[in-house]
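Coordinate analysis (summary)
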Amino acid sequence: MNSKTLQFQINLVAYGCLFASGMATLIYELIWFRYLTLVFGASLYALSAVLCAFMLGLAGGAWLMGEVLSRGRVSKQLILLYGFFEGLIGLYALSFPLGLDLLEKIYPLILPADGQAGLGLHVMEFILGTLLMLPATLLMGATLPLVGSWAVGNEKDQILSRLSRLYGWNTMGAVFGCLFTQFFAIQYWGVQGAIWVGVLLNVLVFLICFAYGRIFIKGEIQYPSNLKNKTEKLPDQSRPTKEITFLIFVMFFYSGMASLSSEILWTRILVFPMGTTLYSFALILATFLSGIALGSLVSKRLLGESNRVLKFILIEIAIGLFCIGVLPLLENLTEWTSLADRFFYSLENSPEKTLLIRFLFAFGLIFIPTFGFGLLFPLANQIYSLNLKAVSKALGNIYSINTLGAVVGTILTPFVFIPLFGIRLSIYLIYSVMILFGVFVLAKFSNQSPFLKSASLGATFVLLIFGKTVFVPDVKTEKSGVHNLARLEINVPEERIRLLDYKEGEFSTISVVEDKESGNRTIYMDGFSTATVSRSFSGSTYMQAMGFVPMTLHPSPKNVLVIGFGTGNTLGIVSLFPNANVHGVEIDKNILKFSKWFSNWNHDVLQRPNTQIFVQDGRAFLRWSNTRYDVIIMEPMSPLQAGVVNLYSKEFYDLALNHLKQDGILVQWLPLHLVGREDARLITRTFKNVFPEFSVWNSFLTRIVLLVGSREKVVIDKNLFDKRMENLELKKVAEEMKVFSFLDFADFFLSDGDHLSGFLESAGEITDDRPLLEFSHVSLLPPMKWETDESFLNMLRHRINQKPPVEGLTPQEQDAFDRDFKLRTAQRLGVFSRRYQGPGVEAFSSRNYFSGLDAMSIYFDSYQKPSVHLNDAKWQK
């Protein structure tokens, strides 16, 4: 067999196996990340600890394999060893849940007694995460040096051409692994199904390597290292000095740090126009990896054979110049975000168009620099290997040092760079240092005189200092979108908005704006409207109701947990109840600093003596808490945002139920306007499957409902309500919600859960293994108003002929209550009849509510489907 045919076969095996290996690695990284957030939580510190632990294992594996291989000759059996490693990775992936079970038993032992997560706990999370993933990540990190040594042999001049394709195909596999996992595998097969795909890929690589390796061992074909090496030396340049080689090594470490830092910083920018859904983060990661993959794949063709050291330095400088050069464009980010919002909510939009637009945002910002980073990897290996005897050691050292740089970037960016400098200035400083360092190495490489060297460095430094004022103006908070990333709501005139506060924090970018005309104040988290407060009726009613309803229903709420702070309005209402010991959990500590802007609504809750705040992931806090609560109130971010599904799954509701006392109550916020019709059914069905007793309540906003779950049937006690109203603070809160009587309070009630069985029939269930909410079509195409109304109507319709579970009324009071409650039901249904020309519209329009209600009742009784659809002949949109 001639050498070309042999090399083709080697390349085919190597590229295909590394593609599958890269795909499997990304699958495991994404899935294990999910698993560990269920233990440690999804706080910034926990996420960083898990990511660092994963990358540290990769770096360690690459370095160790390089050292081991450098001590012996390149063997034709390396392909067998690689296949064996892949098989071990697959076996470890199957046994990962056993290690996770052990970690879950150890983790409670290191938790602080006061429940406050500090630095010591996060260090232990890093150590535990490292130990759990280390066997697999060491093997994963070892694979590239291993296959690289097998495919390249001792032909140093072939490192650039062969390694560029090896690394490129391995990274391209990671791109496919990211998209496949986040867009397809978990949605249709679940988390466990995605793991099995990774295992099957490992098995496939094992079988290919085993079959191909046996051919080598039998000697049926020659190994390439036995072939005559025709190009022992580089034809175009002398060997770089050890000093230059070391500087290139350091530069590559820094570019590893810069690349991971940039990924974090670019993501913090891109969430404004792209949103914070699973699809958006998947697109960002896939674009980042594809740039690196394509850069590596074309590096040989693009860079040629000459002046490799010079090209490495110039590419580093060019990446820095590009990343600084695009910074002024970010001044238009608020405008671009508004344009993206308008298109997202337009009737011409489609899921495919949404994905395309979001991809273009990611591509435009990050593809070119990541393409440059991809060019650097094979080039750095080629340069570094020239002063080493073994190719394998060069491959191991270069891969590990670059990955260690990424670990450093993961730590420094959220905890040092962003808090101290903000997002855009961090990018500027990172790439200014890269440019300055590149100029220094270029001067060294060119053997410039000390004077020229000092002059070039000085001039570059002065230009970068001057450039800061041009490219990165100081963050200002006078106006939204002007020298800041604060966003504007669509269809709201810019001149009406006053920016009150703004901060680019470790976890998110937060802003508070005020409508000058209405006085409404809104807090934004990464561009998403988290909550709005207003003095007008219904402006803040749902947040007040979130606290008021369960605290009034429970006979004696002493221990209360509120997950999600927002403006602090709900927590503040809860804290007003006598004898209540309130725990508040918020994942982002900076949100708490913004509560001052809402003190008129949240009753200055952070200063109240009966309130204790924990900065922690809500699910992790509840999982490891020893407290049993009378009331748990869930008010997280939008259910469709990445990671929030963990607070809507069956496993979470089981966890919450176990932390409720026997007569405890849980309230779940369900924003119908932020989810689709099927999503609402999913959430409600999952909730119903866990809680023995459940009911649906309203906050006078048709777009938001409250799910109330408990072990015992919840009753509305008039005597208890009257007693609550003796408290002047609580009475004032009730009156702000237009609750002036027991009937007004009972009107929050929509339906008992048993009456919703038909509506929930055939609905799926949200679990940790099948987090279906994250794949909602609403992430790509928002619900129309009529769809939100339809979801609400399918809950409200069951109030017909249903009496709320009230007690404490005399027979005469009961009769009057039943009549008035029926009238309230008719009035509510009349809104939809008139809005959509539904049954009884004539009667409702003439305020003959009971006749309209009768028409509605006849229609619903004759309706053959479990859910009402507003496109039915009787409901004309």
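A brief look at the structure comes next. (Residues numbered from 1 in each chain as written. Predicted model: local features only at pLDDT ≥ 70, side-chain atom pairs only at ≥ 80, totals over all residues. Heavy atoms only, no water.)

What about the side chain of serine 280?
- Along the chain, the position of serine 280 falls in helix α7 (residues 278-297).
- A distance of 2.5 Å separates the side chain of serine 280 from the backbone oxygen of methionine 274, its partner in a polar contact.
- Ignoring sequence-local partners within four residues, the contact set of serine 280 consists of Met274, Gly275 and Arg358. (Helix = DSSP H or I, 4+ residues; strand = E, 2+ residues; numbered from the N terminus. Polar contact = N/O pair within 3.5 Å; in protein donor to acceptor, adjacent residues only side chain to side chain. Contact = heavy atoms within 4.5 Å.)

A short note on the pairing of strand β6 (residues 581-586)
- Buried residues dominate β6, accounting for five of its six residues.
- Alignment of strand β5 (residues 559-563) against β6, held across five bridges, turns out to be parallel. Bridge pairing in β6 links asparagine 559 to asparagine 581.
- On the question of chirality, the crossover connecting β5 to the parallel β6 by way of helix α16 (residues 569-575) is right-handed.
- The pairing of β6 with strand β7 (residues 611-615) spans five bridges and is classified as parallel. The partner of glycine 584 across the bridge, within β7, is isoleucine 613. (Buried < 20%, exposed > 50% of the residue type's maximum accessible area, 1.4 Å probe, protein only. Pairing = 2+ DSSP bridges. Right-handed = clockwise from strand over helix to strand, strands pointing away.)

Re the environment of alanine 282
- Mapped onto the elements of the fold, alanine 282 is located in helix α7.
- Under the relative-accessibility criterion, alanine 282 is labelled buried at 2%.
- Through-space distance from the C-alpha of alanine 282 to that of alanine 59 is 24 Å; in sequence the pair is 223 residues apart.
- Filtering out sequence-adjacent residues up to four positions away, alanine 282 remains in contact with Cys178, Leu179, Gln182 and Phe183.

Describing the sheet that holds strand β2 (residues 509-515)
- As summarised here, the arrangement of the four strands in space is β1-β2-β3-β4, forming an open sheet in which the pairing is antiparallel. Strand pairing shows two members of the sheet lacking a second neighbour, β1 (497-504) and β4 (528-533), which therefore form its edges. When strand polarity is set aside, the average angle formed by the axes of neighbouring strands in this sheet is 20 degrees.
- Where β2 and strand β3 (residues 521-525) come together, five bridges link them in antiparallel fashion. (Axes fitted to C-alpha atoms, helices over the stretch in contact; angles between N-to-C directions.)

What to know about the sheet that holds β7
- Read across the sheet, eight strands follow the order β7-β6-β5-β8-β9-β11-β10-β13 without closing on themselves; strand pairing throughout is mixed. In the strand order of this sheet, the two ends are held by β7 and β13 (749-752), each with one partner. Within the sheet, the average angular offset between the axes of one strand and its neighbour, ignoring direction, is 20 degrees.
- Bridge analysis of strand β10 (residues 693-698) against β13 gives three bridges, and the strand direction is antiparallel.

Points about the nonpolar core
- Tyr28, Ile31, Trp32, Phe40, Tyr82, Phe312 and Tyr431 are the most contacted members of the largest nonpolar core, which totals 154 residues.
- The leading source of residues in this core is helix α5 (residues 159-218), at 21 residues.
- Non-local contacts of tryptophan 32, meaning those with residues more than four positions away in its chain, are made with Phe54, Tyr92, Ala93, Phe96, Met133, Ala136, Met140 and Ile195.
- Formed by 122 residues, the second largest nonpolar core is a distinct cluster that contains Ile563, Leu707, Phe759 and Phe860. (Core = buried A, V, L, I, M, F, W, Y, C linked by side-chain atoms within 4.5 Å.)

Concerning the pattern of salt bridges
- This model, assessed by the stated rule, comprises 29 salt bridges.
- Across the pair glutamate 243 and lysine 444 runs a salt bridge, and its minimum N-O distance is 3.1 Å. Of this pair, glutamate 243 sits in helix α6 (residues 242-274) while lysine 444 sits in helix α13 (residues 423-445); the two residues are 201 residues apart in sequence, bridging distant segments of the chain.
- We classify glutamate 243 as partly exposed; its relative accessible area is 44%.
- Salt-bridge contacts for arginine 487 lead to aspartate 341; the nearest nitrogen and oxygen are separated by 2.2 Å. Taken as a pair, arginine 487 in the loop between α14 (450-471) and β1 and aspartate 341 in helix α10 (residues 333-344) lie far apart in primary sequence, 146 residues in all. (Salt bridge = Lys/Arg side-chain N within 4 Å of Asp/Glu carboxyl O.)

What about the side chain of threonine 171?
- With respect to the helices and strands, threonine 171 occurs in helix α5.
- Sequence-distant contacts of threonine 171, that is, excluding residues within four places in its chain, are made with Leu289, Ile292 and Ala293.

Observations concerning the pairing of β3
- By the criterion of burial, β3 is predominantly enclosed, with five of the five residues buried.
- Here five bridges tie β3 to β4, and the two strands are oriented antiparallel to one another. The partner of threonine 522 across the bridge, within β4, is threonine 532.
- Where β3 folds back onto β4 in an antiparallel hairpin, the turn is made up of two residues, including aspartate 526, whose phi is positive at roughly 55 degrees.

Remarks on the packing of α7 against helix α11 (residues 351-385)
- Interaxial distance between α7 and α11 falls to 6 Å at its minimum, and their mutual angle equals 35 degrees. With respect to the hand of their crossing, α7 and α11 are arranged in right-handed fashion.
- Residue composition of the contact of α7 with α11, grouped by class: 16 nonpolar, eight polar and one charged. (Left-handed = near helix turned anticlockwise from the far one by under 90°. Nonpolar A, V, L, I, M, F, W, Y, C, P; charged D, E, K, R; others polar.)

Some thoughts on unusual backbone geometry
- In this structure, asparagine 447 is a non-glycine residue whose phi angle is positive, near 55 degrees.
- Given a relative accessible area of 69%, asparagine 447 falls into the exposed group.
- Its identity is not glycine, yet asparagine 579 carries a phi of approximately 65 degrees, on the positive side.
- Following the sequence through the fold, asparagine 579 ends up in the loop between α16 and β6.

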